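# Architecture and fold: a report
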There are 2 protein chains.
Amino acid sequence: MLDQRTGPDLTIEDVRAAHARIKPYIHETPVLTSSYFNELTGAELFFKCENFQKAGAFKVRGASNAVFGLSDEVAKKGVATHSSGNHALSLSYAAGRRGIPCHVVMPRTAPEAKKAAVRGYGGIITECEPSTTSREALFAEVQAATGAEFVHPYNDPRVICGQATCSLEMLSQVDNMDAVIAPIGGGGMISGTCLTLSNLAPDMEIYAAEPDQADDAARSFRAGHIIADDAPNTIADGLKVPLKENTWHFVSNFVTDVLTASEQEIIDAMKLTWERMKIVMEPSCAVPMATILRNPDLFRGKRVGVVITGGNVDLDKLPWTLG
Amino acid sequence: MLDQRTGPDLTIEDVRAAHARIKPYIHETPVLTSSYFNELTGAELFFKCENFQKAGAFKVRGASNAVFGLSDEVAKKGVATHSSGNHALSLSYAAGRRGIPCHVVMPRTAPEAKKAAVRGYGGIITECEPSTTSREALFAEVQAATGAEFVHPYNDPRVICGQATCSLEMLSQVDNMDAVIAPIGGGGMISGTCLTLSNLAPDMEIYAAEPDQADDAARSFRAGHIIADDAPNTIADGLKVPLKENTWHFVSNFVTDVLTASEQEIIDAMKLTWERMKIVMEPSCAVPMATILRNPDLFRGKRVGVVITGGNVDLDKLPWTLG
């Protein structure tokens, strides 16, 4: 049991420094609106489109901040990580931009499109079983063999600080938001959001959204300590990982609530977003919209930032075409 | 045989007036770029994203210009059209915004998503067989019964003038383009592009792109007169209709060349664009990219505007998931 209320020593100046460091390697992604979804929800929604981000996901922010913050001495042995996909892609991209090797341990069950994309960016993949236990064990071997710098997908202060640049941009793109909602897996995006907003907009509500079938963050939030599941099963494959001490710090101190949605609600919200907004996004990104539709009273009349976290989907295996 | 070199009496001032008239009802759609596609093609590509347009397609420009240009006297009987889909949707949307009825004759084989969307905007559908002959016959009946104003999907100067506002926006969004490429079906978008560019940027190349399996525009272009096919078969369902005298005028006078691509090239380009640019677009929109990839020497080193014409896809029937 872990009830940690103190966290990594990060300030808003660290976030601004991260933004300056990574700017050459990332997009300032657009914010889209949809009159259809505004009418459907009674809220004003502002979609921060990190699916249009370099490497197809917000995770390139944290990965780039980690990679470009390394000394030359450390960088030359490369970086290494384990990831359910987008962090792997993003770290490979950032390492490629710096010209250093990137070692990735990822589940053999990860979408083929993600594996191909990691290799496309020059990442070196070692496959593990789809459980946190297997992943961490195999990773230790890889790291010992290479001496590469470990960049955790979300429990790393450099990564949290990089993800925090997303809400920093949102604040400059959208006036007077009442709330921000983002998916929560390990909690990197939500922690970065908390880091920025608790400093610059402390009255803004922060909602985390996750699948009913991977609701460890919701249960942790209510219990007051981290509850971790090994290998939960959900279509939102980016949200299967548990909170860790650094992300728990932000979740426990700054999150307004953790909301959940069923698999069918997630699939329906995903398909509806593709149909009406004409954007390709991952199942994970549909979880916030699914929870908004499940909790209409919570959002009606509010100006809400919705983080569309990534767009790396296996187009041959769309959830609504599976039997 | 028709070899018409004189066309509708439209000026660039008509285009500017159309833009002012329709502005409250349309989006100024964004222009996206992709370092992946730039590297792949050796060109600098600027994607004008009309898939993000109101009603999901550029056709709302022409439809809105026609609907909002009507006198109250004419408007009160409503509007009517036949369409393979997006014009139907767009005219229904524009008529709904003006509060007048919209009668639509459309093929029974049109995607269900499009039919549902037409009805969602308040359009009244009469279904015909998937051939130009059947469509035009049934339409005459509907028009006689209602007295509604006919707005042709593309052969109407009001429609051409509305579509011309798309390239007007592109000129203000992208500097120094060398060429613009757009899909060609009936030729409404291409004609509008010709109208704007022949006046404001006469040195800019204008390429039209169509499927090998519906290459009537390419054959017309080479023959010097309109060649019309009845009911060609292609995945690019928006591009099955033939040129008419008003669009032939622009195609024959101002188009640089008409390029074609195979069904497989179109499907591959569509999937690749979804994967890399994270946008939902119709098969028709993939035809320009497919022809750019087939003719790399023609575009290498150039700054090329690519019109992504629409995003209304039946997500249950994606071409790469069909057997």
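Definitions and cut-offs
Residues numbered from 1 in each chain as written. Chains lettered and ligands numbered in written order. Predicted model: local features only at pLDDT ≥ 70, side-chain atom pairs only at ≥ 80, totals over all residues. Helix = DSSP H or I, 4+ residues; strand = E, 2+ residues; numbered from the N terminus. Rg over C-alpha atoms; globule rule 2.2 N^0.38 Å. Buried ≥ 20, exposed ≤ 12 C-beta atoms within 10 Å, placed from the backbone. Least-squares fit on C-alpha atoms with pLDDT ≥ 70 in both. Contact = placed C-beta atoms within 7 Å. Pairing = 2+ DSSP bridges. Nonpolar A, V, L, I, M, F, W, Y, C, P; charged D, E, K, R; others polar. pLDDT = per-residue confidence, 0-100. Axes fitted to C-alpha atoms, helices over the stretch in contact; angles between N-to-C directions. Expected span 1.5 Å × (residues − 1). Parallel < 35°, antiparallel > 145°, perpendicular 65-115°, else oblique.

### Brief notes about the overall build of chain A
Looking only at helices and strands, one finds 14 helices and ten strands in chain A. Taking 2.2 N^0.38 as the reference for a compact globule, 323 residues should give roughly 20 Å; the C-alpha atoms of chain A span a radius of gyration of 18 Å, in line with that estimate. The principal-axis extent of the C-alpha atoms belonging to chain A is close to 55 × 50 × 40 Å. Per-residue burial over chain A gives 55% buried out of 323 residues.

### Points about the relation of the copies chain A and chain B
Rotating chain A by 180 degrees and moving it 0.0 Å along the rotation axis overlays it on chain B with an RMSD of 0.0 Å. Taken together, the rotation and translation relating the two chain copies correspond to the operation of a two-fold axis. Judged by C-alpha distance, Ile279(A) is the residue of chain A that lies nearest the rotation axis, at 2.2 Å. Most of the interface of chain A is mirrored in chain B, where 100% of its interface residues again form contacts.

### Concerning the pairing of strand S9 (residues 257-261) of chain A
Residue and element names in this part refer to chain A. Of all five residues making up S9, four are buried, and the element is well covered by its neighbours. Of the strand pairs in this sheet, strand S8 (residues 205-211) and S9 are connected by five bridges, and their pairing is parallel. In the strand pairing of S9, glutamate 210 is matched with threonine 260.

### Digging into the interface of chain A and chain B
The interface of chain A with chain B comprises 16 residues on the first partner and 16 residues on the second. In terms of residues, the side of chain A that touches chain B owes the most to one element, helix H12 (residues 263-277) of chain A, which gives three residues. Here the residues of the side of chain A that touches chain B are counted per class, giving eight nonpolar, four polar and four charged.

### Re the confidence of the model for chain A
Averaged over every residue, the pLDDT of chain A is 93; the share at 70 or more is 97%. Scored as a whole, the predicted complex attains pTM 0.91, and scored at its interfaces, ipTM 0.89.

### Comments concerning the sheet that holds strand S4 (residues 102-107) of chain B
The strands making up a sheet associate through backbone hydrogen bonding, with each pair oriented either parallel or antiparallel. All names here are of chain B. Sheet architecture is open: four strands sit in the order S5-S4-S3-S6, paired in parallel fashion. Two strands lie at the open edges of the sheet, namely strand S5 (124-128) and strand S6 (149-150), each paired on one side alone. Packing against the sheet, helix H7 (residues 132-146) makes contact with strand S3 (79-82), S4, S5 and S6, and its axis sits at approximately 160 degrees to S4.

### Side note on H7(B)
A turn of α-helix holds 3.6 residues, and therefore any two residues three or four places apart point the same way. All names here are of chain B. A rise of 1.5 Å per residue sets the reference length of H7, with its 15 residues, at 21 Å; its end C-alpha atoms lie 21 Å apart and thus fit the reference within 8%. Packed against the buried residues of H7 are S3, S4 and S5. In the stretch just after H7, glycine 147 is the one whose phi turns positive, near 70 degrees.

### Thoughts on the sheet that holds strand S7 (residues 179-183) of chain A
Residue and element names in this part refer to chain A. Spatial strand order, S1-S2-S10-S7-S8-S9: six strands in an open sheet with mixed pairing. Looking at which strands have only one partner, the edges of the open sheet turn out to be strand S1 (31-32) and S9. Across six bridges, strand S2 (residues 44-49) lies against strand S10 (residues 303-308) in parallel orientation. Pairing of lysine 48 across the sheet is with valine 307, part of S10.

### Observations concerning the packing of helix H1 (residues 12-22) of chain B against helix H8 (residues 157-173) of chain B
All names here are of chain B. In the contact formed by H1 and H8, the axes pass within 8 Å of each other and the chain directions differ by 90 degrees. In terms of their interaxial angle, H1 and H8 are classed as roughly perpendicular. In this structure, H1 contributes Asp14, Val15, Ala18, His19 and Ile22 to the contact, and H8 contributes Cys161, Gly162, Ala164, Thr165 and Leu168.

### What to know about unusual backbone geometry
Backbone geometry at Lys278(A) places phi at a positive 60 degrees, although glycine is not the residue there. As for its placement among the helices and strands, Lys278(A) is situated in the loop between H12 and helix H13 (283-294). At Asn176(B), a residue that is not glycine, the phi angle is positive and equals roughly 55 degrees. Residue placement: Asn176(B) occurs in the loop between H8 and strand S7 (179-183).

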